[in-house]
Amino acid sequence: MSATMPSVLLIDDEKHIRSASSQTLELAGYEVQALDSAEAALTLIDDHWSGVIVTDINMPGMDGLELMAKARAIDPDLPVILITGHGDISMAVNAIRDGAYDFIEKPFPADLLVDVVKRAAEKRALTIENRTLRQELQAQSAPGPRIIGKTLPVQQMRQLLAQVADTPADILIMGETGTGKDLVARYIHENSRRKDHNFVAINCGGVPENLMESELFGHEKGAFTDAKSQRIGKLEHANGGTLFLDEIESMPMSLQIKLLRVLEERAIERLGANELIPLDLRIVAASKADLKELSAGGEFREDLYYRLNVVRVDIPSLRERRDDIPLLFQHFALIASAQYQREVPALSPARVHSLMSYDWPGNVRELRNLAERYVLLGEGCTFEFDQLIPQLDAATDSLTLPEKVEQFEKMLIEEALARHDGRIKETMEQLGLPRKTLYDKMRKYRLDKQDYKPE
């Protein structure tokens, strides 16, 4: 369903009412999915669905009241509007006590339907927004690794991680070089019940092939020429916790077969031993390459790909989350400031603009590197910023004048918040804005003063 138009599920077994009500709501700007049975409606909703249900009470099979009960079991805050016949009024009043949003009595004028749906949709939008803000607050205030950003791709990724972090499922992380795959893996571990056990990371592309098997599985004394003592491998060391296999696409084919067996049996044998050691661990693998494409070309085991790909987390590149760049830059600059005992030089709007317009092939890693150099070198870092500017015109040519004005206004507010560590009074004074106007604009651009405070 569209992300820009409010959604309505309309359920009525009478075709003419269904057709007329759909047309009324569509003309009012709603995206309507009209159904003739309640059973079909339940397959389309979950606790993240942002729409409103409008349903007749009297229908064959599951009636409107049963649908309401089942829908509210999925999400207690889901607005359900009941369409009633004349004899159903007392039933509808009782349903309101049970949590129905409102009811409309047949025959009803079109403007009444639109008005009730409008109020319900506004309430639903507010509910979803408040949930998102609570999730952001929890994510930003939780100890351990933080996934910073407010753009939609990052919100969606955080939402997925919140759903799967504390499950036993193995996870495949996909992302370009420098997007933060290690950070996401640590975030998963720290937000799971495994957090009190080991997080063990190994870069499959950084270990020589002849040492990889011993590195993963360990060995007994005398297992091979240089095995002078017993060694616990990474898999066993991660028992009870999480094993992070970065650059999994670099793992030799011979070891992929053995890893697949570990995933299926949750047990290992050390090199030179015959005894199986049971394991309780979660495996998080990461790749910058398309493993499905590699498996189609015979360069990666297809069965291992499907076994790892129980849950897939795609990390957006910086190009896909440009509005997060100033916030990330400020975050990295504050970390560098504490590390090097240096003040963070003020970042001019022109430089913020160049940051947001650059394509960042090295992603977050490249941005962090520039932020650290900026704290160390200050004005001596001008050359690096100048290298970002050639892409500026091409990146902004497609924007309309109002979009360019909004982008510039947002950058000015972000620069002022960063300069004053999120303090509203000084930010107001610098920008010459009343408090209410500043808060309105911060709400519009989803800016939070807490994001600009030193840690």
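Structure first, text after, so check above.
Residues numbered from 1 in each chain as written. Predicted model: local features only at pLDDT ≥ 70, side-chain atom pairs only at ≥ 80, totals over all residues. Heavy atoms only, no water.

A. Looking closely at the pairing of strand 4 (residues 80–84). Most of strand 4 is tucked away, with five of its five residues classed as buried. With four bridges joining them, strand 3 (residues 52–56) and strand 4 adopt parallel strand pairing. Within the sheet, the bridge partner assigned to V54 lies in strand 4 and is I81. Handedness of the β-α-β unit built from strand 3, helix 3 (residues 64–74) and strand 4 comes out right-handed. The pairing of strand 4 with strand 5 (residues 102–105) spans four bridges and is parallel. Considered in strand 5, the bridge of T84 is made with E105. (Buried < 20%, exposed > 50% of the residue type's maximum accessible area, 1.4 Å probe, protein only. Helix = DSSP H or I, 4+ residues; strand = E, 2+ residues; numbered from the N terminus. Pairing = 2+ DSSP bridges. Right-handed = clockwise from strand over helix to strand, strands pointing away.)

B. Molecular detail of helix 18 (residues 401–419). Taking 1.5 Å per residue as the helical rise, helix 18 with its 19 residues ought to reach 27 Å, and the 27 Å between its terminal C-alpha atoms agrees with that figure. Here helix 18 has its buried residues at K410, M411, I413, E414, E415, A416, L417 and A418. A positive phi of about 55° marks D421, the residue just after helix 18. (Expected span 1.5 Å × (residues − 1).)

C. The arrangement of the sheet that holds strand 2 (residues 31–35) in detail. The strand order 2-1-3-4-5 describes an open sheet built from five strands, whose pairing is parallel. Edge positions in the sheet fall to strand 2 and strand 5, since each of these pairs with one other strand and no more. When strand polarity is set aside, the average angle formed by the axes of neighbouring strands in this sheet is 20°. Across the sheet, helix 1 (residues 15–27) is in contact with strand 1 (7–11) and strand 2; its angle to strand 2 comes to roughly 170°. (Axes fitted to C-alpha atoms, helices over the stretch in contact; angles between N-to-C directions. Contact = heavy atoms within 4.5 Å.)

D. Main features of the sheet that holds strand 6 (residues 171–174). Taken in spatial order, the five strands of this open sheet run 7-10-13-6-14, and their pairing is parallel. This sheet does not close on itself; its edge strands, each paired only once, are strand 7 (199–203) and strand 14 (311–314). Taking each pair of neighbouring strands and ignoring which way they run, the sheet shows an average axis angle of 20°. As paired elements, strand 7 and strand 10 (residues 242–246) share five bridges and run parallel to each other. Counted as the bridge partner of I202 is L245 from strand 10. Here helix 6 (residues 152–164) sits on the sheet and contacts strand 6, strand 13 (282–287) and strand 14; the angle it forms with strand 14, its principal contact strand, is near 155°.

E. Local environment of the packing of helix 18 against helix 19 (residues 424–431). Contact pair helix 18 / helix 19: the axes reach a minimum separation of 9 Å and the direction vectors enclose 135°. By the angle between their directions, the pair helix 18 and helix 19 is classed as oblique. Like other packed secondary-structure pairs, helix 18 and helix 19 cross with a definite hand, here right-handed. Taken together, the residues of helix 19 that come into contact with helix 18 (itself represented by L412, I413, E415, A416, L417 and R419) are I424, T427, Q430 and L431. (Parallel < 35°, antiparallel > 145°, perpendicular 65-115°, else oblique. Left-handed = near helix turned anticlockwise from the far one by under 90°.)

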